[in-house]
Amino acid sequence: MSFLGLFRRRGSAPVARERLQILLAHERSSHGQSDLLSKLRDEILAVVAQHIAVDHDQVRVKLERGDKVSTLDIDIEVPHSAVALAGIR
Amino acid sequence: MNKVIVVTSGKGGVGKTTTTAALGAALAATGQSVVVVDFDVGLRNLDLVMGAERRVVYDLINVVQGVAKLPQALIRDKRIDTLSLLPASQTRDKDALTEDGVARVIKELRTKFDWVICDSPAGIERGATLAMRFADTAIIVTNPEVSSVRDSDRIIGLLDSKTELAEKGERVEKHILITRYDPARAARGEMLNINDVLDILSLPLLGIIPESEEVLRASNVGTPVTLNDPKSAAAQAYRDAAARLRGQDVPMIVPADRKGLLDKLFGRRAA
Ligand SMILES: Nc1ncnc2c1ncn2[C@@H]1O[C@H](COP(=O)(O)OP(=O)(O)O)[C@@H](O)[C@H]1O
Ligand SMILES: [Mg+2]
């Protein structure tokens, strides 16, 4: 550690440690498969696609993996024409 | 004008990912739109260095395979809104990255961004050759150390033969970026000198990034060093390199031996 290190604010290592713990918890639980959030994302989109003709460009997915809580935010624009189309089929 | 840049080296651990994040942030801070693309399939890290690791929804392979559209896979940086990340996949098979698929993605990125910066995996295999394949410009990240210089030379050979531009008989524009430069060791003659490196590789110098604690701290917190420690010598060096990429003529700063000075003032400490 350099001389200046003695005067520096608390190190960044604790932040690194916390970030890694959260990330690895998510990665390990998925065993090389997609994790729960990715599964939910895929299944929700699949169900939606059964009912309406979804245009991929009208779907926005946001995801934030947290320590205690994660959020999955799926935003789908449903044009009425798409609903009508699915009704006919 | 939009440009595809590959950040490459052959050798691992020389600072490619750090450089991709820092240059990406420095270019985006000027208001130009930038996407950084992680080509290190199976070992992604750019998301971590950029602090976006918890927000990955889709990745490069999802886009290549058509599972997701490009806009869905792009992660917008929370600090600079002109900066985006396209993450590599962590789990899937490397062979899923096809040349045609990569060509399509790069072509689409070119229409959306001023700068497309591709973070190459180490090695000279498929991942590395795909990352450089469609580049206009290459940044060869080199440490002033024998094995890094040798590997850079191999990579330069690939840039001159395996890229799309080379196959068309044109040239990829190539720059050397010296990173992890330790002024104290350079002063003691323990490290290859910068002119030696440039003589051997005979390419122009884009910048010299000092070995610095600030870089380590920046990756700990997941913020490119140019944002996390804008006043540091490393941040300044990355900003200057970004300015040179934009065609500006910026005087080259050779990192000074600050630690050496402290050593002299306070007496030498054991290394
Ligand atoms: N200028 C620098 N000063 C100090 N550490 C650095 C510097 N550049 C890179 N590093 C560190 O070196 C390691 C490898 O860097 P990285 O960018 O991941 O290399 P690569 O992508 O070439 O494998 C990381 O721990 C990184 O924080
Ligand atoms: Mg890397």
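Up top is the structure these notes are about.
Q: Where do I start with the overall build of chain B in this structure?
A: Within chain B, the secondary structure is distributed over 14 helices and eight strands. Over its C-alpha trace chain B gives a radius of gyration of 18 Å, about what one expects of a compact globule, namely 18 Å for 271 residues. Dimensions of chain B, computed from the C-alpha atoms along their principal axes, are close to 60 × 40 × 35 Å. Burial analysis of chain B (271 residues in total) assigns 56% to the buried set. Long-range contacts, defined here as pairs at least 24 residues apart, represent 75% of the contacts in chain B between residues at least 6 apart. Accessible surface for chain B amounts to roughly 11,800 Å². Of this, 49% is attributable to carbon and sulfur atoms.

Q: What should I look at first to understand empty space enclosed by the protein in this one?
A: The gaps of empty space that remain are located by a probe, the size of a water molecule, rolled over the atoms. Residues and elements named next belong to chain B. Going through the model one piece at a time under the given rule, you end up with one cavity of 30 Å³ or more. Within this model, the largest cavity holds a volume of roughly 50 Å³. In terms of lining, the largest cavity is formed by Thr18, Ala21, Ala22, Val49, Val215, Ala218, Ser219, Thr223, Pro224 and Val225. In terms of residue class, the lining of the largest cavity is made up of seven nonpolar, three polar and no charged.

Q: Looking at this structure, I do not really get helix H7 (residues 146-159) of chain B. What am I missing?
A: Three- or four-residue spacings in an α-helix give side chains the same orientation, since the helix completes a turn every 3.6 residues. For H7(B), spanning 14 residues, the distance from its first C-alpha to its last is 20 Å, which sits close to the expected 20 Å at 1.5 Å a residue. Packed against the buried residues of H7(B) are strand E1 (3-8), helix H6 (126-133), strand E6 (137-142), helix H8 (164-167), strand E7 (173-181) and helix H10 (194-201) of chain B.

Criteria and thresholds
Residues numbered from 1 in each chain as written. Chains lettered and ligands numbered in written order. Predicted model: local features only at pLDDT ≥ 70, side-chain atom pairs only at ≥ 80, totals over all residues. Heavy atoms only, no water. Helix = DSSP H or I, 4+ residues; strand = E, 2+ residues; numbered from the N terminus. Rg over C-alpha atoms; globule rule 2.2 N^0.38 Å. Buried < 20%, exposed > 50% of the residue type's maximum accessible area, 1.4 Å probe, protein only. Contact = heavy atoms within 4.5 Å. Areas by Shrake-Rupley, 256 points an atom, 1.4 Å probe, with all protein chains shown as cover. 1 Å grid on protein atoms, 1.4 Å probe; cavity = no way out; pocket = protein on both sides within 12 Å on 5 of 7 lines; lining within 4 Å. Points joined across faces, edges and corners; volume = space filled by probe spheres on them. Nonpolar A, V, L, I, M, F, W, Y, C, P; charged D, E, K, R; others polar. Expected span 1.5 Å × (residues − 1).

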